[in-house]
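Coordinate inspection notes
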Amino acid sequence: MLIFFRCPARRSLWMKVTETPLEGLLLIEPRVFHDPRGWFYESYTLKKYAEKGISSEFVQDNHSRSCYGTLRGLHFQWDPPMGKLMRVTRGKAFLVAVDIRKKSKTIGEWVGMEISEDDKTQIWAPAGFARGFCALSDIVEIQYKCTGTYNSKCESGILWNDSKIGIKWPIKNPRLSEKDKNAQILDKWLEKEESNNF
């Protein structure tokens, strides 16, 4: 289901953090300093993010480039558990996180948000969320910090258009990898022993 939300934000000099209806999933709006030369902002500082509840250690940075209409996801990893701090550094994209935690009251629910290089909003999705995005501009670049290094033997995905989840993607007929085309539905994942890791 699509979730629109209006929750109290935690403000500081450097950022605004907004909680979503999905526990642990946060939106971060950094403060951007502008002057005639351009702009500057801190995209990550360990101490300041920890004060806002994002205390995980990041061990890997990823950077992807996609053309318009590309959809990547919905991806997740259970060993080592991988949380992601995501931001768009070029263009515009629709970012999505789906709760796949078995014991969560909001399992199967999702949050989606259009984010661009101009607004500089970040999404923090801890382990236990499947994540994805679709590109809404000619070129999109997304950078994300990860709490676990990639492990091809302990990662998987959920079908992007699983009808039970019902994500309202803003594009039709997306460009997909073969892997994402053939991903499992959420119910199939929840039948597996590995799903107990979240």
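Throughout what follows, the structure given in this document is the object of discussion.

Thoughts on the sheet that holds strand β7 (residues 71-77)
Spatially, five strands are ordered β10-β9-β12-β7-β14 in an open sheet, and the strand pairing comes out antiparallel. The sheet terminates laterally at β10 (110-116) and β14 (155-157), the two strands that pair on one side only. In this sheet, adjacent strand axes meet at a mean angle of 25 degrees when their direction is disregarded. Pairing between β7 and β14: three bridges, direction antiparallel. Across the sheet, F76 pairs through a bridge with S156, a residue of β14.

Some thoughts on the pairing of strand β11 (residues 122-125)
On any regular strand, side chains alternate: one points to one face of the sheet, the next to the other face. Of the two faces of β11, the one carrying Q122 and W124 and the one carrying I123 and A125 are both buried. As defined by bridge partners, strand β3 (residues 26-30) adjoins β11 across three bridges and the pair is classed as antiparallel. Counted as the bridge partner of L27 is I123 from β11. The pairing of strand β8 (residues 84-90) with β11 spans four bridges and is classified as antiparallel. If you follow M86 over to β11, its bridge partner there is I123.

Concerning empty space enclosed by the protein
Taken as a whole, this structure holds one cavity of 30 Å³ or more when the rule is applied. Reported here for the largest cavity is a volume of approximately 40 Å³. Lining the largest cavity are W14, M15, P30, E42, Y44, T45, K48 and Y49. Grouping the constituent residues of the lining of the largest cavity by class yields five nonpolar, one polar and two charged.

Quick word on the environment of R65
Note that R65 resides in strand β6 (residues 60-67). The partly exposed category is assigned to R65, whose relative accessible area is 46%. C-alpha separation for the pair R65 and I142, spaced 77 residues apart in sequence, amounts to 6.7 Å. If we skip the residues at most four places from it in the chain, R65 touches R72, R90, I139, V140 and E141.

Cut-off values and rules
Numbers given to residues run from 1 along each chain, matching the order in which its sequence is written. At least 70 in pLDDT is required for a residue's local features to be given in this predicted model, at least 80 for side-chain atom pairs to be given and counted, and no such filter applies to totals for whole chains, interfaces and linings, which use all residues. Working from all heavy atoms in the structure, the side-chain values ignore hydrogens and water. For two strands to pair, DSSP has to find at least two bridges joining them. Only DSSP runs of H or I covering at least 4 residues are called helices, and only runs of E covering at least 2 are called strands; the numbering of each starts at the N terminus. Helix axes use the C-alpha atoms of the stretch in contact, all axes being lines fitted to C-alpha atoms, and the angles between their N-to-C directions lie in the range 0 to 180 degrees. Relative accessibility under 20% of the residue-type maximum defines a buried residue, over 50% an exposed one, and the middle range a partly exposed one, all with a 1.4 Å probe and only protein chains included. Only protein atoms enter the 1 Å grid, on which a cavity is a set of points fitting a 1.4 Å probe that cannot get out and a pocket is an open set with protein on both sides within 12 Å along at least 5 of 7 lines, lining residues being those with an atom within 4 Å of a point. Grid points are joined across faces, edges and corners, and a volume is the space filled by probe spheres set on the points. Classification used: nonpolar for Ala, Val, Leu, Ile, Met, Phe, Trp, Tyr, Cys and Pro, charged for Asp, Glu, Lys and Arg, polar for all others including Gly. In what follows, a contact means two residues having at least one pair of non-hydrogen atoms within 4.5 Å.

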